[in-house]
Amino acid sequence: MGKFFDTTPIYYVNDVPHIGHTYTTVAADIIARFHKLQGDDSYLLTGTDEHGAKISQAAEKHNQTPKEYADTISKEFNEAWDKLNINYSRFIRTTDEDHIKTVREFLQKMYDNDAVDKEPRLYKGLYCVGHEKFMSPEELVDGLCPDHKTAPIEYSEENYYFKLSLFQKQLEELISTDQIKIRPETRKNEILGKLKQGLEDISISRANLEWGIPLPFNPKHSIYVWIDALINYYTFGKEKGIWPTDLHLVGKDILWFHSVIWPAMLLSVGEQPPKEVFAHGFFSIGGQKMSKTIGNVIKPEELIQKYGVDGTRYVLLAAFPFGEDGDFSWELFDKLYNGNLANGLGNLIARVAKLAQDNNISEPKNDFAISEEVSQLIQNYHLNAALTYIWNQIADTDKLINLQKPWTLKGGELETALKELILHIKQIAHNLQPFMPETSEKILKQFAGEVTVQPPLFPRI
Ligand SMILES: [Zn+2]
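What you see is a predicted model; the values in this text were computed from it and never measured. Positions within a chain are numbered from 1, following the residues in the order the chain's sequence is written. In view of the model being predicted, local features appear only for residues whose pLDDT reaches at least 70, and side-chain atom pairs are presented and counted only at 80 or more, with totals across whole chains, interfaces and linings using the full set of residues.

**Student:** Explain the domain arrangement of the protein chain to me, please; I cannot follow it from the model alone.
**Tutor:** Often, the extent of an interface is quoted as the loss of accessible area upon association of its parts. As used throughout, domain bounds are those supplied by an automatic or database domain assignment. What the domain assignment lists for the protein chain is domain 1 (3-120 + 160-280) and domain 2 (330-446). Centre-to-centre separation of domain 1 and domain 2, based on C-alpha positions: 39 Å. Every helix listed is a DSSP run of H or I at least four residues long, and every strand listed is a run of E at least two residues long, numbered separately from the N terminus. Counting residues per element, the side of domain 1 that touches domain 2 draws most heavily on helix α1 (residues 19-37), which supplies 6 residues. Gly is put with the polar residues, along with every residue not named as nonpolar or charged; the nonpolar set is Ala, Val, Leu, Ile, Met, Phe, Trp, Tyr, Cys and Pro, and the charged set is Asp, Glu, Lys and Arg. Of the residues in the side of domain 1 that touches domain 2, the class split is 6 nonpolar, 1 polar and 2 charged.

**Student:** Sorry if this is basic, but what is going on with the packing of helix α14 (residues 411-432) against helix α15 (residues 437-446) here?
**Tutor:** A pair of packed helices is characterised by two quantities: the angle between their axes and the separation of those axes. In this description, a line fitted to the C-alpha atoms serves as the axis of each element, helices being fitted only across the stretch in contact, and the angle between N-to-C directions of two axes falls anywhere from 0 to 180 degrees. Between α14 and α15, the least distance of the axes is 8 Å, while the angle of their chain directions is 155 degrees. Classified by the angle their axes make, α14 and α15 are roughly antiparallel. Once α14 is placed against α15, the crossing between them reads as left-handed. Contact residues: I425, K426, A429 and L432 in α14; T439, S440, I443 and L444 in α15. To sort the angles, those under 35 degrees are grouped as roughly parallel, those over 145 as roughly antiparallel, those from 65 to 115 as roughly perpendicular, and the leftovers as oblique. Handedness of a helix crossing follows the sense of rotation of the near helix relative to the far helix, less than a right angle counterclockwise being left-handed and clockwise being right-handed. For the purpose of contact definition, each residue receives a C-beta atom placed from its backbone, and two residues are in contact when these atoms lie within 7 Å.

**Student:** I keep staring at the sheet that holds strand β18 (residues 326-328) and nothing clicks. Help me out?
**Tutor:** By definition, the strands of a sheet pair up through backbone hydrogen bonds, in either a parallel or an antiparallel sense. Here, a strand pair is defined by DSSP locating no fewer than two bridges between the strands. Strand order in this open sheet of 3 strands is β17-β16-β18, and the pairing throughout is mixed. Looking at which strands have only one partner, the edges of the open sheet turn out to be β17 (288-289) and β18. Bridge analysis of strand β16 (residues 283-285) against β18 gives 3 bridges, and the strand direction is parallel. Directly across from F283, in β18, lies its bridge partner G326.

**Student:** When you look at the sheet that holds strand β12 (residues 214-215) in this model, what are you seeing that I'm missing?
**Tutor:** Ordered in space as β11-β13-β12, the 3 strands form an open sheet in which the pairing is antiparallel. Edge positions in the sheet fall to β11 (205-206) and β12, since each of these pairs with one other strand and no more. Pairing of β12 with strand β13 (residues 218-223), which is carried by 2 bridges, proceeds in the antiparallel orientation. Bridging across to β13, P214 finds its partner in S222.

**Student:** Can you walk me through unusual backbone geometry in this structure?
**Tutor:** Glycine aside, residues mostly have negative phi, and peptide bonds are mostly found in the trans state. At the junction of R183 and P184, the peptide bond is cis and its omega measures out at -5 degrees in the coordinates. Within the element layout of this structure, P184 appears in the loop between β9 (181-183) and α6 (185-196). In the segment running from W243 into P244, the intervening peptide bond is cis, with an omega of 5 degrees. If you trace the backbone, P244 turns up in the loop between α8 (232-240) and β14 (247-251). A positive phi is found at D114, a non-glycine position, where the angle reads about 65 degrees. With respect to the helices and strands, D114 occurs in the loop between α4 (97-112) and β5 (121-128). Partly exposed residues are those falling between the two cut-offs: more than 12 but fewer than 20 other C-beta atoms within 10 Å of their own, whereas 20 or more means buried and 12 or fewer means exposed, with C-beta atoms placed from the backbone. A residue is classified by how many C-beta atoms lie within 10 Å of it, and D114, with 11 of them, is exposed. Despite not being glycine, N360 has its phi angle at roughly 55 degrees, a positive value. Structurally, N360 can be placed in the loop between α11 (330-359) and α12 (372-379).

Next up, the structure:
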């Protein structure tokens, strides 16, 4: 049976890729690569979410059609993930033909199963276009959306409703028994607390939206962008014959959609809900919320330019415990890079390579697996702790060199000492495979046969 992971959401094309998207995507890639290395048939899905009023408005500003605009931004995401060596199985776009077809079939099935009202209801509400969602009056501050600082639009229109309330008991049961496992545990409790307050039916269509997929049972209405986007997982999973999803890796702001609304939609059409939803934290930038208005958005290219591909993958995951919030600063990332990559790992490799080359010693053994401890940590998504474990192995190997003092040894003793060090390095390189695939490969190649000194893996910055 295949394992199916996704980095979620497929990103909304209103925004170019930034450090937050990068963090989720790299983490998902590490998890999927790990499972592939373990021999699992593993799939990683990412892509872009491209419908909705916000996109048509942005396109208009750029004098483009919504599709042209979506093409441009989607390409930026795709290129960023290619640069970062993200080994995705598919880069899906919600404007892809097969997705549109699946969405329409899915909605028709919801309707046929009586999970959607037969007639639309008149809805009056306050809609924040920035959020692409209705806001309750309590969420507003001085009449404005606190995040977007704009007044929501007063809508009065006919919408079709999904009878979400029907699934409350079933969801409570599935979540409390971990049949839908929500992690970290604190997030599970938040979701259960909110569920117990009751579920309201939700609007799944918009009457005056041109840039969307028409409802199959009433083409005058378009499918609400969030509903359309969630179905992307099913489009892919169904085509690959892998269902349910093993993991949705999401930012904490969209946990409700993935742990309540999406599972209910699946139950309504008789499909299995996801096995696990993991919500990770957010980056603030120097203590401030990252925002285009403040102009403190960090782009993946800036990180790659400074730290390289594997360096970026490392500093992102090494900086904070996975699941918690963290405050980004260049100083922190520089310190991690110089301290742990240029010095820690890079230095160890250079040191042992020099000794091995000078004494013409090699160690051909290469049948390693990822250490059990690292494996356990990755399986439980303690990615940051897994890196800490590997860096302890690096520190231990450094200590071993200082203890053995190979430069004072000769003959058989020297050979035994150096071979032991090379075995340590190979084990470290294997453990690094899911995190830093290119670096791992370089190290293994360097120590595969006759060892030669190579340029530093991570030049100091
Ligand atoms: Zn808003």
